[in-house]
Amino acid sequence: MRVISGSRKGHKLKVPKGMKVRPTEDRTKEALFNILNHIDENSIILDAFGGSGSIGIEFLSRGAKTCYFIDNSIESINIINENLEHTRFLEQGIVIKSDILVAMRKFSAKKLAFNYIYLDPPFRQEGLINELLKAIDIGDILTKDGIIVVEHEKELDLEDNLFGFIKSDFRRYGSKSLSFYKRKT
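Residues numbered from 1 in each chain as written. Predicted model: local features only at pLDDT ≥ 70, side-chain atom pairs only at ≥ 80, totals over all residues. Heavy atoms only, no water.

Peer 1: Which parts of the structure should I look at to understand the sheet that holds strand β6 (residues 161–162)?
Peer 2: Backbone-to-backbone hydrogen bonds join strands into a sheet, with any given pair of strands oriented parallel or antiparallel. Taking strand neighbours across the sheet as the criterion, the eight strands line up as β3-β2-β1-β4-β5-β8-β7-β6 in an open arrangement whose pairing is mixed. Two strands in the sheet have a free side with no partner beyond their single neighbour: β3 (93–97) and β6. The sheet contact formed by strand β1 (residues 44–48) and strand β4 (residues 114–119) spans four bridges and is parallel. Directly across from Leu46, in β4, lies its bridge partner Ile117. Contacting β1, β2 (66–71) and β4, helix α2 (residues 54–61) crosses the sheet at an angle of about 180 degrees to β2. (Pairing = 2+ DSSP bridges. Helix = DSSP H or I, 4+ residues; strand = E, 2+ residues; numbered from the N terminus. Contact = heavy atoms within 4.5 Å. Axes fitted to C-alpha atoms, helices over the stretch in contact; angles between N-to-C directions.)

Peer 1: Any chance you could explain the pairing of β3 here in plain terms?
Peer 2: Relative to β3, β2 runs parallel, the two being bridged by five bridges. What sits directly across from Tyr68, in β3, is Ile94. In the classification by handedness, the crossover that spans β2, the intervening helix α3 (residues 74–86) and the parallel β3 is right-handed. (Right-handed = clockwise from strand over helix to strand, strands pointing away.)

Peer 1: In this structure, what is going on with the packing of helix α1 (residues 26–36) against α2? I would like to understand it.
Peer 2: To characterise two packed helices, one gives the angle between the axes of the helices and the distance between these axes. Here α1 crosses α2 at 45 degrees, and the two axes come no closer than 12 Å. It follows that α1 is oblique to α2 by the angle criterion. Our pair here, α1 against α2, has a crossing hand that is right-handed. Where α1 approaches α2, its residues Lys29, Leu32, Phe33 and Leu36 are matched on the opposing element by Ser54, Ile55, Glu58 and Phe59. Of the residues in the contact of α1 with α2, the class split is five nonpolar, one polar and two charged. (Parallel < 35°, antiparallel > 145°, perpendicular 65-115°, else oblique. Left-handed = near helix turned anticlockwise from the far one by under 90°. Nonpolar A, V, L, I, M, F, W, Y, C, P; charged D, E, K, R; others polar.)

Peer 1: Sorry if this is basic, but what is going on with unusual backbone geometry here?
Peer 2: The phi angle of most residues is negative, glycine excepted, and most peptide bonds adopt the trans form. Positive phi values are uncommon outside glycine, yet Arg88 reaches one of about 60 degrees. Summarising the element assignment, Arg88 is placed in the loop between α3 and β3. At Lys111, a residue that is not glycine, the phi angle is positive and equals roughly 60 degrees. Position of Lys111 among the secondary structure elements: in the loop between α4 (100–109) and β4.

Peer 1: Please clarify how α1 should be interpreted in this entry.
Peer 2: Think of an α-helix as turning once every 3.6 residues; residues three or four places apart then point the same way. What α1 keeps buried is the set Thr28, Lys29, Ala31, Leu32, Phe33 and Leu36. Structurally, α1 contributes buried residues whose contacts are with α2, β4, β5 (142–153), β7 (165–173) and β8 (176–183). One or two positions beyond α1, positive phi appears at Asn37, with a value near 70 degrees. (Buried < 20%, exposed > 50% of the residue type's maximum accessible area, 1.4 Å probe, protein only.)

Peer 1: Whenever I open this one, α3 confuses me. Can you help?
Peer 2: Helix length check: α3, at 13 residues, gives a terminal C-alpha distance of 18 Å against a target of 18 Å (1.5 Å per residue), a fit within 8%. For α3, every residue scored as buried is listed here: Ser76, Ile77, Ile79, Ile80, Asn83 and Leu84. Looking down the long axis of α3, one finds its buried residues gathered within 165 degrees of arc, a one-sided arrangement. When the buried face of α3 is taken as reference, the exposed residues oriented beyond 90 degrees from it are Ile74 and Glu85. Each element contacted by the buried residues of α3 is listed here: α2, β2 and β3. If you check the start of α3, you find a side-chain oxygen 3.3 Å away from the backbone N of Glu75, and it comes from Ser73. (Expected span 1.5 Å × (residues − 1). Arc of directions from axis to C-beta. Polar contact = N/O pair within 3.5 Å; in protein donor to acceptor, adjacent residues only side chain to side chain.)

Peer 1: How should I be thinking about the packing of aromatic side chains in this particular structure?
Peer 2: Tallied over the entire structure, the rule returns five aromatic pairs. Plain terms: the ring middles of Tyr68 and Phe107 are 5.4 Å apart, the flat faces sit at 75 degrees to each other, and that makes the pair edge-to-face. A residue pair is termed long-range when its members are at least 10 positions apart, and Tyr68 in strand β2 and Phe107 in helix α4 qualify at 39 residues. In this structure, Tyr68 and Phe107 share a single accessibility class: buried. (Phe/Tyr/Trp six-rings, centres within 6.5 Å; stacked < 30°, edge-to-face > 60°.)

Peer 1: Help me understand the side chain of Ser43, please; the structure alone is not making it clear to me.
Peer 2: The residue Ser43 is located in the loop between α1 and β1 in this model. By relative accessible area, Ser43 is classed as buried at 2%. If we ignore the near neighbours within four places in the chain, the residues touching Ser43 are Ala64, Lys65, Thr66, Asn115 and Tyr116.

Printed below as a string of structure tokens:
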């Protein structure tokens, strides 16, 4: 696993051991950032279910200002910190060991809103993605023009309209899919 573009292109990243983490493959990551295109230098990112931190680090490498990494596994938290140190992004990364729904409530209380929210929850947990999107909507933690990206198993067909969001794009890559959501206008 490596950073595929930007200021830290080519830096290798560590991945937690075991099957609990499904690292996003380089081709999926490359396609994701081709779809997102330019990352504004003032962007604040939420990399939920951070795993190795590769998605958030890719955002930082492409110019994002800050990335919050959330994971409830101490092994993942340690790997994310190691990867941030290796890529020299420690000052731009905020790593939090927490349940994502608890973290979202805290972000809402602090009036923190993200330009991009990347959700890569464990597969086959029925209803979890809906619960996450509902929490984002109720907590108002996505900026007006922000984008939510959900990485999920290809068999899962997410609705086009969920809470305050509308699906703006959908792509399949092997056994995974990416669904993109924006605020309803």
